[in-house]
Amino acid sequence: MDLINKFKSKSSELINRGLNRNVRIAVTGLSGAGKTAFTTSLINQLLHAPMEKHLTFLSVNVQNRMLASKLSQHEELHIPAFDYNNALAHLTSDIPQWPDSTRNISQAQIKCRFKVGHRWAKRLQSDSTVTVEVVDYPGEWLLDLPLLAMDYRDWSKACIKYLNSARRQQYSEDIQSKIKSFDYKAVQDDVALSKELKEIANVYRSSLMTYRNEYNDYGLALPGRFILPGSLKEAPTLDFFPVLNEDVLSLNWDQFEQQSTLKVLEKRFNYYKENVIKPFFEEYFTKVDRQIVLIDTCSVLESGYETYQDLKDTVEKLLEGFSYGRSNWLKRLFSPSIDKLMIAATKVDLVPPDQHSAMESFMQKMVAQAKNNVGYEGVEVETMAISAVATSEPVATEHEGVKLLCVKGIEEKTGESVIHYPGRVPDKGLSRQEWKELKLDFTPFAIPELSKDEALPHIRMDKVIEFLIGDKFI
Ligand code: GDP
C-alpha cells in the first residue's frame, strides 16, 4: 500500500470509530409518572422507525436515512435488563394491560443503523451505527442526593421539621411517639437489636408510604429506597430511622457506646450513604449523556394546592442534581456528563390537543426555577407535553353552540367508546383559591387494541427522540 492510500485508510478507520457512537439516556420521574410506558414506547418507536418512517419530527427518519434497528444485549451486565418484550406483550395482549411500573433500575440497548448524511463524513463511510442505551430508574432515588451532605444528626433534625409541619403533625403522631420511646443509650445483643430496628424501621417506612398514598404527600425527608427499595428489600442497611428526641440530638454523642442503639443507627445511616447513594450517583452522573424527567401533570392538576406545592418542591429537589455546578461538594464527588435534559408532562392523551400547550405552560411554571438553574450550568433544557402510548383520539363537538375539542377513547368499565371533556387546563400557576375552583377530571381510558407489528400510537415521542439523540445521526 502506498503512503497516500495508507493515510486514507488510517483516517477512514479513525473516522469510522468516531462515527460509531454511543448515547446513554436515563429515564426517571416519581412512581406512577409513566417511566415504564415511556421506555417501552421509546424502544418501540426506534425499532419501527426504519420500516414505518412514522417519526415525522425525527430528522434522520424524515430524510429516509434510518436503515435498520434492533435490540441488543447491553454492556453493563450488572444492571438488570428492561424487559421490553414482556412490556409490549402486556400492551398488545387480547386484554391490553399497562406493563408493571418501574421499581428498580433497568437497562435496554438498541442499535440503530443509518445512512451518513454529513457531506464530508459520507465520503469515507456510507453508513454507521448509533448505540442507544436506555436506563430506567425510580426518581425517588434522585432525592437522596442532599443526604450526602448531611450526617445522621442533620438528617434527624430535617425529619423532625418535616414530620411536624402543620399538615403532617396530625397523621405522624403515632410513629413519632413510637420512635421517641426508644432507649438510645441501651446496649444489647446485636441480633436482638437488629430485629427490633427492623420492626420499627418497617413501621416508619410503611407510615411514609401511607402518607404518600392516602394524603398525596410527597415528602422530602425520605431516603429514596424507603419508598422503592429495589434490590435492597429486607437488607439491614434500610433498617434505620431518625432520632426524634430533641434532648438526644442536643447531647454529645461521644458518650454513647459503639454498641448503643444510637451508634448502630448512625452506622446504618452512614452505610446507606456510602454503599447505596454514592455508587448510584457515581454510576449515574458520570455515565449518562442525556436525561428525561417525567411528571404526571394530570394527577397533579387533579390533586389540589397542597399536593402541587409538595410536588413542586420535590421536583425542584429532584432536578437539583442537574445544576451540579452550584454545589461544589457535589462536583468534588462526581463529574457529571449530562448535556441535555428534557422535562416532560406525561399522559397528555387524556387532554384535548388544543390544551396541550396550556399543559406544557403549566408544567413549565412549576419547574421554572429548577429549569433556570440547570440551564445556567450549560445543560440544554427542553419541556414538552407527551404521551408514550396514546389511548384516545381528538374529536370536535359542540356544547351550547360553542365548538369544543374533546378526547374519545374506550371507557374502562364498560368497554364502550366515550367522548370526554376533562375541563380547562390552566396555563399558569394558581392561587390557593383558584385551586379550589379548579374542576378537572382526567379519567383514564382503557388501552385500545394494539398490534405488535405496528408502532405504538403516541404523542410527540418523535420530538422527544429528536431532542435526545437526533444530533447523533450525523
Ligand atoms: P412508572 O411508575 O413511572 O414506571 O409509571 P408507569 O409507566 O408504570 O405508568 C403508570 C401508569 O400511568 C400506567 O399504569 C398507566 O395507567 C398510566 N400511563 C403511563 N403512560 C401513559 C400514557 O402515555 N397515557 C396514558 N393515558 N396513561 C399512561
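What counts as what
- Residues numbered from 1 in each chain as written.
- Predicted model: local features only at pLDDT ≥ 70, side-chain atom pairs only at ≥ 80, totals over all residues.
- Heavy atoms only, no water.
- Helix = DSSP H or I, 4+ residues; strand = E, 2+ residues; numbered from the N terminus.
- Rg over C-alpha atoms; globule rule 2.2 N^0.38 Å.
- Buried < 20%, exposed > 50% of the residue type's maximum accessible area, 1.4 Å probe, protein only.
- Pairing = 2+ DSSP bridges.
- Axes fitted to C-alpha atoms, helices over the stretch in contact; angles between N-to-C directions.
- Contact = heavy atoms within 4.5 Å.
- Near = heavy atom within 4 Å.
- Polar contact = N/O pair within 3.5 Å; in protein donor to acceptor, adjacent residues only side chain to side chain.
- Areas by Shrake-Rupley, 256 points an atom, 1.4 Å probe, with all protein chains shown as cover.
- Nonpolar A, V, L, I, M, F, W, Y, C, P; charged D, E, K, R; others polar.
- Parallel < 35°, antiparallel > 145°, perpendicular 65-115°, else oblique.
- Left-handed = near helix turned anticlockwise from the far one by under 90°.
- Core = buried A, V, L, I, M, F, W, Y, C linked by side-chain atoms within 4.5 Å.
- Domains from an automatic or database assignment.
- Bend = angle between axes of the 7 residues up to and from the residue.
- Salt bridge = Lys/Arg side-chain N within 4 Å of Asp/Glu carboxyl O.
- Arc of directions from axis to C-beta.
- pLDDT = per-residue confidence, 0-100.
- Phe/Tyr/Trp six-rings, centres within 6.5 Å; stacked < 30°, edge-to-face > 60°.

Asks: Is there a simple way to think about the overall build of the chain in this case?
Replies: Summing up its helical and strand segments, the chain has 17 helices and 11 strands in all. Computed over C-alpha atoms, the radius of gyration of the chain comes to 25 Å, within 12% of the 23 Å expected from 2.2 N^0.38 for 474 residues, which places it in the range of a compact globule. Each principal axis of the C-alpha distribution contributes one length, and for the chain these read about 80 × 75 × 45 Å. Here the chain holds 474 residues, and the buried ones make up 52% of them.

Asks: Please clarify how the sheet that holds strand β7 (residues 380–385) should be interpreted in this entry.
Replies: In a beta sheet, neighbouring strands pair by backbone hydrogen bonds and run either parallel or antiparallel. Here seven strands make up an open sheet; going across it, the order is β2-β3-β4-β1-β5-β6-β7 and the pairing mixed. In this open sheet, the two edge strands, each paired with only one partner strand, are β2 (66–72) and β7. Across the sheet, the mean angle separating the axes of adjacent strands is 20 degrees when strand polarity is ignored. Both strand β3 (residues 106–115) and strand β4 (residues 127–136) contribute to a ladder of 10 bridges, which runs antiparallel. Across the sheet, the residue bridging to K111 is T131, located in β4. Together, β1 (21–29), β2, β3, β4 and β5 (290–295) form the strand contacts of helix α2 (residues 35–52), whose direction differs from that of β2 by roughly 140 degrees.

Asks: Where do I start with the site of the ligand in this structure?
Replies: Contacts to the ligand come from 18 residues, most closely from G32, K35, S101, K347 and D349. In the model, an oxygen atom of the ligand is placed 3.5 Å from a nitrogen or oxygen of the W98 side chain. Between the ligand and S387 there is a distance of 3.1 Å, counted from an oxygen atom to a side-chain nitrogen or oxygen. Here the ligand has 570 Å² of accessible area as a free molecule, and 87% of this is covered by the chains. Of the residues assigned to the shell around the ligand, the class counts are seven nonpolar, eight polar and three charged.

Asks: How do you make sense of the packing of helix α13 (residues 305–320) against helix α15 (residues 356–376) when you look at a structure like this?
Replies: To characterise two packed helices, one gives the angle between the axes of the helices and the distance between these axes. With their axes 9 Å apart at the nearest point, α13 and α15 run at an angle of 30 degrees to one another. The pairing of α13 with α15 is recorded here as roughly parallel in orientation. Here α13 runs over α15; the crossing is right-handed. Contacts between α13 and α15 involve Y308, L311, K312, V315, E316 and L319 on the former and, on the latter, F362, K365, M366, V367, Q369, A370 and V374. Here the residues of the contact of α13 with α15 are counted per class, giving nine nonpolar, one polar and three charged.

Asks: Sorry, what's going on with the nonpolar core here?
Replies: If you look at soluble globular proteins, the nonpolar side chains tend to sit buried side by side. In terms of nonpolar packing, the biggest core is built from 95 residues, with Y184, F241, Y284 and F322 touching the most fellow members. Counting residues per element, this core draws most heavily on helix α11 (residues 261–287), at 11 residues. The residues contacting Y284, other than those within four sequence positions of it, are A26, Y137, L142, Q291, F322 and I338. Listed in part, the 46 residues of the second largest apolar core include F38, V60, Y84 and I386.

Asks: Is there a simple way to explain unusual backbone geometry in this structure?
Replies: Excluding glycine, residues mostly carry a negative phi; peptide bonds, for their part, are mostly trans. A positive phi angle, near 50 degrees, is found at E400, a position not held by glycine. Of note, the phi angle at R460 is positive, near 65 degrees, even though the residue is not glycine. Along the polypeptide, R460 turns up in the loop between β11 (445–446) and α17 (461–469).

Asks: Looking at this model, I keep getting lost on the environment of D339. Mind explaining?
Replies: As for its position among the elements, D339 is in the loop between α14 (328–333) and β6 (340–345). Expressed as a C-alpha distance, the spacing of D339 and R290, which sit 49 residues apart in the sequence, is 6.2 Å. Each residue touching D339, except ones within four places of it in the same chain, is listed here: D289, R290, V379 and E380.

Asks: Can you help me understand the domain arrangement of the chain in this one?
Replies: Bring the parts together and some accessible area is lost; that lost area is often taken as the interface size. You can read the domains of the chain as domain 1 (1–141 + 283–389 + 451–472), domain 2 (142–282) and domain 3 (392–446). One C-alpha centre belongs to domain 2, the other to domain 3; they are set 42 Å apart.

Asks: Explain helix α7 (residues 166–180) here, please?
Replies: Side chains of residues three or four places apart in an α-helix project in the same direction, reflecting 3.6 residues per turn. Bending of α7 peaks at approximately 65 degrees at the position of S172. Listed in full, the buried residues belonging to α7 are R167, R168, Y171, S172, I175, Q176 and I179. Where α7 is buried, its residues touch α6 (152–163), α8 (190–215) and α13.

Asks: Please clarify how the pattern of salt bridges should be interpreted in this entry.
Replies: Under the criterion given, the structure shown has 17 salt bridges. Three or more residues joined by partner-sharing salt bridges are found here, namely R24, E133, E283 and K287.

Asks: What's the story with helix α4 (residues 84–91) in this structure? I'm lost.
Replies: Along α4, the residues classified as buried are Y84, A87, L88, H90 and L91. Buried residues of α4, viewed axially, fall in a sector of 155 degrees; they line one side.

Asks: I tried to follow the confidence of the model for the chain on my own but got confused; where do I start?
Replies: Detailed reading of the predicted coordinates is not advisable wherever pLDDT falls low. Chain-level statistics for the chain give a pLDDT mean of 88 and a share of 93% at 70 or above. At the low end of the mean pLDDT range in the chain sits helix α1 (residues 3–19), at 56; at the high end sits α4, at 97. Reported confidences for the modelled complex are a pTM of 0.90 and an ipTM of 0.99.

Asks: Is there a simple way to think about the pairing of strand β8 (residues 392–399) in this case?
Replies: The side chains of a regular strand alternate, first on one face of the sheet and then on the other. Judged from the eight bridges that link them, β8 and strand β9 (residues 402–411) form a sheet pairing that is antiparallel. What sits directly across from V395, in β9, is C406. Hairpin connection of β8 to β9: two residues between the antiparallel strands, including E400 at a positive phi of 50 degrees.

Asks: So what exactly am I meant to see when it comes to the environment of R205 here?
Replies: Tracing the chain through its elements places R205 in helix α8. Between the C-alpha atoms of R205 and R225, which are 20 residues apart in sequence, the distance is 9.4 Å. Beyond its immediate sequence surroundings of up to four residues, R205 is in contact with F226, L238 and D239.

Asks: Hey, could you run me through the packing of aromatic side chains in this one?
Replies: Both the distance between ring centres and the angle between the ring planes are used here to describe each pair of aromatic rings. A full pass over the atoms with the stated rule returns 19 aromatic pairs. Ring geometry for F240 and F269: centres 5.9 Å apart, planes at 90 degrees, overall edge-to-face. Placement of F240 in the loop between α9 (224–227) and α10 (246–249) and of F269 in helix α11 is noted, with a sequence separation of 29 residues between them. Using a relative accessible area of 0% as the deciding quantity, one classes F240 as buried.

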